[in-house]
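# Fold and geometry: a report
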Amino acid sequence: FLECMIREDQEMCRVLAEIHKNILQSAPRFRRIRKHVISMHGKFDRSALAGEDEQRIDRCIEDAALIMRVQRFIQLLCEGQNSVCQNYLRHQTEKAVSFDMIAITCDVISNLCETVDHVEILDVHLIETTSACFNFLIEVVQGPNLENQKKVAHHGILERVMNIIKADFARVSEELGGDDPPEIRALRMSCVQLLTSLIEGGADMEVMTLICNRLDHGALMYRLVVTVSSMKQYLAGYWSRPLEALALQMSNDECEERFGEAYGIVILFLSLSEADESVLDCPDKLAPIWQDKLPPAEPEMPSTPREAFEFLRHQIRSVEVVLDGRLARIWFRKPLVCAWIRPSAREEIIGSCDQEGVNLHQKHGLFIGAIEELTIHVANAFRLSQLCFVARKNPLNKFAPTLINRPFHFFLRRNARNLTILYNLRHVLAMTLCFLVSATLKPLDTVSGVHIGLHMHNFEVVGTDVDAAWVTMYLGVVYAFLTAITLIMNCCLHIPGIYQVEATSLKRYVHAGSWETGLWIGASFGAAGLALVYSGILSCLVVLLGMFRFVDGNWRDAQATGVDVPNNVAAIALRSISRAFALEAVASVAFFWVLVMVALARGSGYEFLYAFLVFDAVFQIEVLRNVLQAVVTPAKQLVLTGFLILLILYGFSLIAMFAFGDVFIAFPLEGAPVTATFFMNTVYDLMLPGTVIGVTENHPNTLMFRFMFDITFWTIFSVVLLNIIFDIIVDTFSALRTDAQRRADRARGFCFICDLSLNTIEAAMAAGRGSTGNGFVTHINEEHSVWDYIYFIFYIKGKDPTQYTGAEHILRSQIDHADVGWLPYNRALCQERLVGDAAEEVAVEDRVASLETMVSDMSKNVETLLLEFLRSTKKQPAR
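Residues numbered from 1 in each chain as written. Predicted model: local features only at pLDDT ≥ 70, side-chain atom pairs only at ≥ 80, totals over all residues. Heavy atoms only, no water.

### Quick notes on the overall build of the protein
- The helix and strand tally for the protein stands at 37 helices and 6 strands.
- Every one of the 879 residues in the protein was classed for burial, and the buried ones make up 46%.
- If you take every contact in the protein between residues at least 6 apart in sequence, the share linking residues at least 24 apart comes to 71%.
- A total accessible area of about 44600 Å² is found for the protein, and carbon and sulfur atoms account for 59% of it. (Helix = DSSP H or I, 4+ residues; strand = E, 2+ residues; numbered from the N terminus. Buried < 20%, exposed > 50% of the residue type's maximum accessible area, 1.4 Å probe, protein only. Contact = heavy atoms within 4.5 Å. Areas by Shrake-Rupley, 256 points an atom, 1.4 Å probe, with all protein chains shown as cover.)

Below, the structure is given as structure tokens:
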């Protein structure tokens, strides 16, 4: 279409320019008529218009509607940061007469918003037309397109933007019947977005300086306070957790529509601070004219510009990215869904990426992949939190407690604090049960020193005799109930998310309603677990029913589209369930739930099972978890070694059977084959080894052979094979501990994102800001924060692609194609801002640090090779 417009259509731009000229002629008459009617009647009343004036008003409205459609059309031509069309609309080089649509659009805005009074007199039609003009200018300067940025910035548009910001739109708000109509919010947000688009990328310092000088900082701060004050109805009692409160009441797009102006103002000031840090002092220097207009202060609510700025500042994040070989900082609003990211997610992602032998490029690729998987699980947790058993419009919604009305939100809110409390309660109950059983379990009776049985004796509490058996059973029921809830929560959190991950990784069919069906499973889980104490059998039935509906819904849709059903839906669902129950969070909880249910079902005599409940702490403490992983990680080697032990044991049992006969047997197995009897006795000898003294005098000829048999048996099993198993476990534990220590040392000495050393960053921060001591901490927590990069990927994946800026459009394309070139590799803005001797000094220190790391690695490699050489030659190092 663009090629056709350039080569064939010689009149299009001229017609577009003529359309815009019509509004320049009709708008002044419209303004004059509207102002006269308002002055006469106190408001605009069309019935008070004369025939000619009414025609002029209608003509202006028609012109405004036509321009609004034209602006939308040329905005779409530039969609996706189409630089060819952006430049063409500014200057048509192939034509004799060029029409600058950017300048024409700026003229229209200048005509409509020349003064604050002109802005106040606008009606809803002209407001929507002005918004369309701003949206076109936003699209035409993004990319960033430096020429268009300069064109717009020097065309007087900044003053018109400030006129709109200063206007209160009292008359049109009254006409629209609201204090803050969406049309006015959209216009103000477009103004702020244009300002941020003009400084996109921070490449042109001239434009940034011009904006700093021409903006009315007091007016922007006033609008910031007013917009934050409007959050009161959504954040009452939740000022410390704004993301969580907003996410439960509106979508991300609705939040942007209502409060995008305030977030944009904060982003604007933070972006301008890169050129002039003094702009961050503006909240403390509000002019008296704006100070008097501030809304009255209310408890727990930000009421001053500084308080409002800092309140929103905590929700604004930034990342350093590489754009066209140049390092730039991008500011963005933290997505609402990020309130449901687990606090341990950062360490889990770093642990899965920061592996030994992986270079920085590969680490960045693993990092992006782990975050994309995390987005699926967090989206699932967010949807579960929104699940409401009592409809919002139902009057009972206000009276139903959160635990009943929104059970998933109750456990997942505030960084899953209540779910953590649930884990801790289970640990306390497990220790209480163990103590109770140990203190009250005593021998029932003894006859001639022979133990007959155990019985839980009663105990006294404040002079009252308490039945220990009933207390134990009651606590066991409570523990089973809490464990069932934990299991339900973990299954609902992991199964739908794993299904999406599996389907995405296999590039197979994914039903559009997978989240809804997964949510239905979660609701079924929650209802069963919260309503019934003994929810074992019923929960299993609900799971099966839910998964049947989950698979059946996808099955039918897949058949309609002609997709291979068994290989796409059922297989992925089964793999998802198996993966979920292979997770530590699901498998461990399921094991302890089954354990306590068996103890409750069997009753007396099985109280010893409660002792195993305290082992749940193994899965919660990292050091103990590493001990468990030392056994689980080399599982294949341990299983194969155990199989070898069984084969050799079988061989020794056959030798004993033919060489020693009945003398070898310590205990017979009634009704079992002879081979099994000798095999079990051989295994018993392995566990409790005997001595050659046990050979009877009836067989003196077998003494030497039995001696050699026992010595060989003891050497092979006790000295060699069992030590092999112990060495595998110890080596694995040592490797896990070494890897954890290596990651910890690297986290303390290198930035995870850019891989620059602590010394390099400290020197760069000291040279650039003149401060020392905490430069590295500032760098990894603010400039290259891992959390910020996680939030940025959530932000860019959750944003409407049509609303992308130029940088975001490029970055989304790179993320989708697994290109990690946008992440800074051995680069940081704090380092690149240095000039002259300071930069050279930092570069030298960086090379020295790299050489030190290289020498350390070479030393470890030489030591490893030396040990391998000594082992291969079976020599020990000299003492």
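Moving on from the model shown.
### Section: empty space enclosed by the protein
- What the rule picks out here adds up to 2 cavities of 30 Å³ or more.
- In terms of lining residues, the second largest cavity is bounded by Ile38, Gly42, Lys43, Phe44, Arg171, Glu174 and Glu175.
- Here the element with the most residues in the lining of the second largest cavity is helix H10 (residues 170-176); it accounts for 3 residues.
- Split into classes, the residues belonging to the lining of the second largest cavity amount to 2 nonpolar, 1 polar and 4 charged. (1 Å grid on protein atoms, 1.4 Å probe; cavity = no way out; pocket = protein on both sides within 12 Å on 5 of 7 lines; lining within 4 Å. Points joined across faces, edges and corners; volume = space filled by probe spheres on them. Nonpolar A, V, L, I, M, F, W, Y, C, P; charged D, E, K, R; others polar.)

### Details of the packing of helix H7 (residues 124-141) against helix H8 (residues 146-153)
- Axis separation between H7 and H8 bottoms out at 8 Å; the angle between their running directions is 145°. Listed contacts from H8 to Leu137, Val140 and Val141 of H7 are Asn148, Gln149 and Val152.
- When its residues are assigned to classes, the contact of H7 with H8 shows 4 nonpolar, 2 polar and no charged. (Axes fitted to C-alpha atoms, helices over the stretch in contact; angles between N-to-C directions.)

### Concerning the environment of serine 318
- The residue serine 318 is located in strand E1 (residues 316-323) in this model.
- For serine 318, a relative accessible area of 5% gives the class buried.
- Considering only alpha carbons, one finds serine 318 and aspartate 788, 470 residues apart in sequence, at a separation of 6.5 Å.
- Residues within four places of serine 318 in sequence aside, it is in contact with Arg329, Ile330, Trp331, Phe332, Glu782 and Asp788.
- Polar side-chain contacts of serine 318 include one of 2.9 Å to the side chain of arginine 329. (Polar contact = N/O pair within 3.5 Å; in protein donor to acceptor, adjacent residues only side chain to side chain.)

### Observations concerning helix H11 (residues 182-198)
- With 17 residues, H11 ought to run about 24 Å at 1.5 Å a step, and its terminal C-alpha atoms sit 24 Å apart, in line with that.
- In terms of burial, H11 is largely enclosed, as 12 of its 17 residues are buried.
- Those residues of H11 that fall on the buried side of the exposure criterion are Ile184, Arg185, Leu187, Arg188, Met189, Ser190, Cys191, Val192, Leu194, Leu195, Ser197 and Leu198. (Expected span 1.5 Å × (residues − 1).)

### Things to note about the pairing of E1
- Counting buried positions along E1 gives 7 out of 8 residues, so the element sits mostly inside the fold.
- Pairing geometry for E1 and strand E2 (residues 326-333), over 8 bridges, is antiparallel. Of the residues in E2, the one forming a bridge with isoleucine 316 is arginine 333.
- The turn linking E1 back onto E2 is made up of 2 residues, and aspartate 324 within it adopts a positive phi angle of 55°. (Pairing = 2+ DSSP bridges.)

### Some words on the packing of helix H9 (residues 157-166) against helix H12 (residues 205-214)
- Contact geometry of H9 with H12 gives a least axis separation of 10 Å together with a crossing angle of 40°. The angle between H9 and H12 places the two elements in the oblique class. Both H9 and H12 take part in a crossing whose hand is right-handed. Of the residues in H12, those touching H9 at Leu158, Glu159 and Met162 are Leu210, Ile211 and Arg214.
- Residues belonging to the contact of H9 with H12 are distributed by class as follows: 4 nonpolar, no polar and 2 charged. (Parallel < 35°, antiparallel > 145°, perpendicular 65-115°, else oblique. Left-handed = near helix turned anticlockwise from the far one by under 90°.)

### Focus on the nonpolar core
- Judged by nonpolar contacts, the single largest core of 194 residues is most densely connected at Leu137 and Phe367.
- Apart from residues lying up to four places away in sequence, leucine 137 is in contact with Ile102, Thr105, Cys106, Ile109, Val152, Ile157 and Leu194.
- Among the nonpolar cores identified, the runner-up in size contains 15 residues, and Leu638, Phe709, Phe717 and Ile728 belong to it. (Core = buried A, V, L, I, M, F, W, Y, C linked by side-chain atoms within 4.5 Å.)

### Some remarks on the packing of aromatic side chains
- Across all of its chains, the model carries 12 aromatic pairs by this definition.
- Summarising the aromatic geometry, the rings of tyrosine 789 and tryptophan 822 are spaced 6.4 Å apart at their centres and angled 35° between planes, so their arrangement reads as tilted. With tyrosine 789 in helix H34 (residues 786-798) and tryptophan 822 in the loop between helix H35 (806-816) and helix H36 (829-832), this pair connects stretches of sequence that are 33 residues apart. The burial state of tyrosine 789 is the same as that of tryptophan 822; both residues are buried.
- Directly above the ring of tyrosine 263 sits arginine 333, whose terminal nitrogen or CZ lies 5.3 Å from the centroid.
- Directly above the ring of phenylalanine 752 sits lysine 363, whose terminal nitrogen or CZ lies 4.6 Å from the centroid. (Phe/Tyr/Trp six-rings, centres within 6.5 Å; stacked < 30°, edge-to-face > 60°. Lys NZ or Arg CZ within 6 Å of the ring centre and 35° of its normal.)

### What to know about a nonpolar patch on the surface
- Among the surface-exposed residues, Val428, Met431, Phe608, Phe612, Val614 and Phe615 lie close enough to one another that they form a single nonpolar patch of about 570 Å² accessible area.
- Looking at the element boundaries, phenylalanine 615 is found in the loop between helix H27 (584-602) and helix H28 (622-632). (Patch = residues over 30% accessible without salt bridge, like charges linked within 9 Å, V, L, I, M, F, W, Y side chains within 5 Å. Salt bridge = Lys/Arg side-chain N within 4 Å of Asp/Glu carboxyl O.)

### Thoughts on the pattern of salt bridges
- As enumerated under the stated definition, the model contains 23 salt bridges in all.
- Note that arginine 34 is salt-bridged to glutamate 175, the shortest N-O span being 2.8 Å. Of this pair, arginine 34 sits in helix H2 (residues 12-41) while glutamate 175 sits in helix H10, and the two are 141 residues apart along the sequence.
- Bridged by salt links that share partners, the residues Glu372, Lys797, Arg812 and Asp816 form one connected network.

### Some remarks on the confidence of the model for the protein
- Averaged over every residue, the pLDDT of the protein is 76; the share at 70 or more is 74%.
- Under a pLDDT of 50 for its full length, residues 446-453 has, in the predicted model, 7 contacts with residues more than four places off or in other chains.
- In the predicted structure, residues 874-879 sits below a pLDDT of 50 and forms 2 contacts with residues beyond four places in sequence or in another chain. (pLDDT = per-residue confidence, 0-100.)

### A look at the side chain of glutamine 149
- For glutamine 149, the location among the structural elements is in helix H8.
- For glutamine 149, the residues in contact, after removing those within four places along its chain, are Val141, Pro144, Ser197, Leu198, Ile199 and Glu200.

### Quick word on unusual backbone geometry
- Cis geometry is found at the peptide bond from glycine 143 to proline 144, where omega equals -5°.
- Summarising the element assignment, proline 144 is placed in the loop between H7 and H8.
- One non-glycine residue, alanine 818, adopts positive backbone phi at about 55°.
- Turning to its location among the elements, alanine 818 is positioned in the loop between H35 and H36.

### Observations regarding the state of the cysteines
- Using the criterion set out here, one finds 0 disulfides in the structure.
- Lacking any disulfide linkage, cysteine 751 is separated from the closest cysteine sulfur, that of cysteine 754, by 3.5 Å. (Disulfide = S-S within 2.5 Å.)

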